[in-house]
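Okay, here's what each chain looks like letter by letter:
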Amino acid sequence: MQTHLLRFGLQPALLGATLLLIFSACAGPKFTQHSDFDARIELIKTVGVVRPNVNVIRKKWGGVRELLPKEAARVENELTVLVANELTRRGFEVKTSQTGGTPESQALNDIYVYVRDRADRAKHRQMAQGAKTDAIVFVSFQGSTRSGSDVAGEVAVKTLVAILTLGLVMQFAEPPGGALITMAFIEGTTGEVLWERQAGTAPMFPPDFSQKELAELVEDLFAPFKRK
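From a predicted model like this one, the values you see are computed outputs, not experimental measurements.

Some remarks on the pattern of salt bridges
Then comes step 1: Taken as a whole, this structure holds 11 salt bridges when the rule is applied.
Then comes step 2: Across the pair R40 and E192 runs a salt bridge whose closest N-O atoms are separated by 2.4 Å. Note that R40 is positioned in helix 2 (residues 37–41) and E192 in the loop between strand 7 (177–187) and strand 8 (193–201), a separation of 152 residues in sequence. The residues R40 and E192 share a single accessibility class, namely buried.
Then comes step 3: For the salt bridge of R51 with E76, the shortest nitrogen-to-oxygen distance reads 3.6 Å. Pair noted here: R51 is in the loop between strand 2 (46–49) and strand 3 (53–60) and E76 is in helix 3 (residues 69–89), with a separation of 25 residues, a long-range link.

Written out as structure tokens, the structure reads:
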């Protein structure tokens, strides 16, 4: 009877601890906006969206990580469209790397890992000039997921260990997945960052990074991007 009660007491504890770890991992998203953002954003008419830098992995219990290049390519394409749509809704003329064959699209058709280095301003200006845009946008995306069976198996084993050790050994289950997206809006004439934000998700269940999930993430990312 005592073991039976212990089992039902430990399972919520394991779940609660797991959720705490998930939400702690996504706490404190960064957000920076140039002090002269309102005035300088009004001078920008055209924006080039550089091909997003996307990494998607499937985690397995025990630390195994499997790259998912096909999923990454799909997410890359969908993010390009979603980000372009958000910028269009804010009144910009948008160019992307998906406009095939033009010199402007070639200038945007590079995977770019954003580095906070003032020396990159020259590269920013060069890319904007090549794309013939007033600004360029860099997007990076890191996503991880797990199979439902992998999550269930881990929780079952760790719950059993806790029961058998009468709670002396408590092991927290790894998160089922999550996503982290960062966007930097760069002024083409100066190469300066006018706006940058990071947003993330901590799903209760393994994510599949569907178009709906990505659309919600991008919408949240753009929420504070205000233009008069």
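That shown, we press on.
Focus: the pairing of strand 6 (residues 135–145)
Then comes step 1: With nine of its 11 residues buried, strand 6 lies for the most part within the structure.
Then comes step 2: Here 11 bridges tie strand 6 to strand 7, and the two strands are oriented antiparallel to one another. Paired with G143 across the bridge in strand 7 is A179.

Here is what the cut-offs are and how they apply
Residues numbered from 1 in each chain as written. Predicted model: local features only at pLDDT ≥ 70, side-chain atom pairs only at ≥ 80, totals over all residues. Heavy atoms only, no water. Salt bridge = Lys/Arg side-chain N within 4 Å of Asp/Glu carboxyl O. Helix = DSSP H or I, 4+ residues; strand = E, 2+ residues; numbered from the N terminus. Buried < 20%, exposed > 50% of the residue type's maximum accessible area, 1.4 Å probe, protein only. Pairing = 2+ DSSP bridges.

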